[in-house]
Every structure is written in structure tokens, then in C-alpha cells.
Amino acid sequence: MLKILRNKIKKGLTMTEKEEALARFQKARQRKRECIARLEKSMKAEYEKRTGKTPDYFFAL
């Protein structure tokens, strides 16, 4: 993504294109955060149901 932006900037990327690209990137980051939060909640509930213990941590890429 960043390489594409750099190449377009060198070729004359307009400010609106840059803003649109950054907005899409931010929206994707937000969707990922929301998805990971749902995943964390469901996995912690499943772990607690299965083992009876509360999980110490959660990790996802």
C-alpha cells in the first residue's frame, strides 16, 4: 500500500487521491480492530466455558 502511494506521489498524486487512500486505510484498520475485539470476546468466553478459568492474555495478528 505504501509503495503504491509513494509511486503515485512521485508521478503526481493529487491531494484528493491521497486523502481517499488514507481514508480507506484508516477504515480498514478500524474494521480490523472491531473484528479482533469480537474474536477476543468470543474466544475468551469459549475458553472460560471449556476450562472454567479466565484467560490471562489474548494475542492476534
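For the structure, check the block above.
Residues numbered from 1 in each chain as written. Predicted model: local features only at pLDDT ≥ 70, side-chain atom pairs only at ≥ 80, totals over all residues. Heavy atoms only, no water.

1. With respect to the overall build of the protein
Here's step 1: When its secondary structure is counted, the protein shows two helices and zero strands.
Here's step 2: The buried share of the protein, reckoned over its 61 residues, is 5%.
Here's step 3: As displayed, the protein offers around 5,900 Å² of accessible surface, 57% of which is attributable to carbon and sulfur atoms. (Helix = DSSP H or I, 4+ residues; strand = E, 2+ residues; numbered from the N terminus. Buried < 20%, exposed > 50% of the residue type's maximum accessible area, 1.4 Å probe, protein only. Areas by Shrake-Rupley, 256 points an atom, 1.4 Å probe, with all protein chains shown as cover.)

2. Looking at helix α2 (residues 15-51)
Here's step 1: The terminal C-alpha atoms of α2, which comprises 37 residues, lie 53 Å apart, in line with the 54 Å expected from a rise of 1.5 Å per residue.
Here's step 2: Positive phi appears at Gly52, one or two residues downstream of α2, with a value of about 85°. (Expected span 1.5 Å × (residues − 1).)

3. Here's the deal with the pattern of salt bridges
Close approach of charged atoms allows side chains of opposite charge to pair.
Here's step 1: Applying the stated criterion to the full structure yields one salt bridge.
Here's step 2: For Glu40, the salt bridge goes to Lys44, with nearest N and O atoms at 3.0 Å. With a gap of four residues between them, Glu40 and Lys44 both fall in helix α2, about one helical turn apart.
Here's step 3: Using a relative accessible area of 27% as the deciding quantity, one classes Glu40 as partly exposed.
Here's step 4: A relative accessible area of 30% means that Lys44 is categorised as partly exposed. (Salt bridge = Lys/Arg side-chain N within 4 Å of Asp/Glu carboxyl O.)

4. Description of a nonpolar patch on the surface
Here's step 1: Where nonpolar side chains cluster on the molecular surface, the patch consists of Tyr57, Phe59 and Leu61 and spans about 490 Å² of accessible area.
Here's step 2: In this fold, Tyr57 is placed in the segment after α2.
Here's step 3: Exposure remark for Tyr57: the relative accessible area of 67% places this residue in the exposed category. (Patch = residues over 30% accessible without salt bridge, like charges linked within 9 Å, V, L, I, M, F, W, Y side chains within 5 Å.)

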